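# Descriptive analysis of the structure
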Amino acid sequence: MSQPADHPPLTTLQGHEKDLGGGFLVRRLLPQVQRRTVGPFVFFDHMGPLSGVGQREHDVRPHPHIGLATLTYLLAGAMMHRDSTGAVQRIERGAVNLMTAGRGVVHSERTPDDLVGQPVHTHGLQLWLALPRSHEEAPAAFEHVAADRLPLEQHGGVGVRVLVGEAFGQRSPVALPMQTLYLDLRLAPGASLRVPRLAPEVALYAPESPFLVDSQPVPARVMALPDARGFTLSAPADAPAQVLVVGGEPPDAPRYLWWNFVSSRRERIEQAVADWEAGRFPPVPGDTERIPAPPWRPLKAP
C-alpha cells in the first residue's frame, strides 16, 4: 500500500522472541540496534499470550535489579510477586505494578498456588525504565495500583485508560520521578482518535490487533514510532483495536544495560554483579531460590 502523500513512512520495529524457560515466550521490542530507548523505557517485553496448565516451570526465580523501575501490566492471567522489600502481591489483569529497584532489589514472579495444575491464559507486558541519575540509588519500593483506581475516559468510540502519566485531562496515581507516559487505548471498529503532543518521544504497540497511524497500517506485535508532535490513531472498519502508548523524556545520560542491571556508570554494574554473586543483595523473604548471573562479558559503550 502506498503511503499518504502528507505523511512520511512510519518507522517500525519488529522485535524478536526469547524463551524465559519452560516454553514461556516473550517478544522483546526494546532494546534494539535500530532503537535502544523510547523516552525512559529501556526494555519492552510482550509476554505470551500463552494458554495451558499453570506450572512451576514458568516461575521466575529470585533475581536482582539496580538503577531501574519495572512496570508490569497483565492483559490476562495472574502471577504472584514477592520482593526483598517484603512486598507480596497477586498481580491480575488491569492493575499497574511499579517496582523501583534503585540501589538494589530482588524479586520473583511465580504461578499462584491456586492456579498450579489449572487451565491458565497468561498475557501481558513488562517494561523497564531508566531512573534519573538522581534516583539511581534510591531505596527499593513496590506499589500496586488496582485497575479501578486508574482513570478511564471515553472519547467517541475510544476508551483511554491512563496507566502512568497524564493525557486527555486525566492523571494516573502511579508516580515516577521522570516524565513517563503509558496509555491503554481501546478503539471500536472504525473509531479514530487525534493524539496531541503528550511527550517528547512516543511509541505505539498493539499486542493482538492491527491498527492505523495517520492512515498507515501497522500489524499487531510491531512497535511503531509516530511523530510525537501529534498523530491520528484508527481501528480498521471491521475490527476493534487495542493500542498501548509509551513514551516520555529520554534518559538524562546514556545507560549501560547488562542482564538485569541498568546504570549510567559502568563500574556500578560491575559492582552489582559482584554483589549478587557474593550474596550481598537483600533476600526475598520466604523464597530461597536464585538465578545465577550469566557469564560476565565486558560492557560496551552505550
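Residues numbered from 1 in each chain as written. Predicted model: local features only at pLDDT ≥ 70, side-chain atom pairs only at ≥ 80, totals over all residues. Heavy atoms only, no water.

### Quick look at the sheet that holds strand β3 (residues 25-30)
Strand order across the open sheet formed by seven strands is β2-β3-β4-β11-β6-β9-β12, with antiparallel pairing between neighbours. This sheet does not close on itself; its edge strands, each paired only once, are β2 (16-19) and β12 (141-145). Mean inter-strand twist for the sheet, computed between neighbouring axes without regard to direction, equals 20°. (Pairing = 2+ DSSP bridges. Helix = DSSP H or I, 4+ residues; strand = E, 2+ residues; numbered from the N terminus. Axes fitted to C-alpha atoms, helices over the stretch in contact; angles between N-to-C directions.)

### Examining the packing of aromatic side chains
Under the defined criterion, the tally for this structure stands at nine aromatic pairs. Taking 6.4 Å as the distance between ring centres and 70° as the angle between the ring planes, the aromatic pair formed by tryptophan 258 and tryptophan 259 counts as edge-to-face. Residue tryptophan 258 is classed as buried on the basis of its relative accessible area, which comes to 2%. Counting every residue linked through ring pairs, the aromatic cluster contains Trp258, Trp259, Phe261, Trp276, Phe281 and Trp296. (Phe/Tyr/Trp six-rings, centres within 6.5 Å; stacked < 30°, edge-to-face > 60°. Buried < 20%, exposed > 50% of the residue type's maximum accessible area, 1.4 Å probe, protein only.)

### Quick word on the pattern of salt bridges
On inspection of all chains with the given rule, the structure shows 20 salt bridges. Arginine 194 is paired through a salt bridge with aspartate 214; the nearest N and O atoms lie 3.8 Å apart. Here the residue arginine 194 occupies a position in strand β18 (residues 192-196), and aspartate 214 occupies one in the loop between β20 (211-213) and β21 (216-218), the gap between them amounting to 20 residues. Taken together, the salt bridges that share partners define one network made up of Arg56, Asp59, Arg110, Asp113, Asp287 and Glu289. (Salt bridge = Lys/Arg side-chain N within 4 Å of Asp/Glu carboxyl O.)

### Considerations on helix α1 (residues 266-277)
One full turn of an α-helix is made of 3.6 residues, so residues set three or four places apart face in the same direction. Helix length check: α1 (twelve residues) gives 17 Å between terminal C-alpha atoms against 16 Å at 1.5 Å per residue, within 8%. Buried residues of α1: Arg268, Ile269, Ala272, Val273, Asp275 and Trp276, and no others. Along the long axis of α1, the arc covered by the buried residues comes to 165°, so they all point the same way. Those residues of α1 hidden inside the fold are in contact with β5 (60-65), β10 (105-110), β25 (256-258) and β26 (261-263). Note on α1: the residue one or two positions beyond its end, glycine 279, has a positive phi of about 75°. (Expected span 1.5 Å × (residues − 1). Arc of directions from axis to C-beta. Contact = heavy atoms within 4.5 Å.)

### A word on the side chain of aspartate 59
One can find aspartate 59 in the loop between β4 (41-53) and β5. Relative accessible area serves as the criterion here: at 11%, aspartate 59 is assigned to the buried category. Side chain to side chain, aspartate 59 and arginine 110 meet in a polar contact 3.2 Å long. At 2.7 Å, the side chain of aspartate 59 and the backbone nitrogen of threonine 111 are in polar contact. (Polar contact = N/O pair within 3.5 Å; in protein donor to acceptor, adjacent residues only side chain to side chain.)

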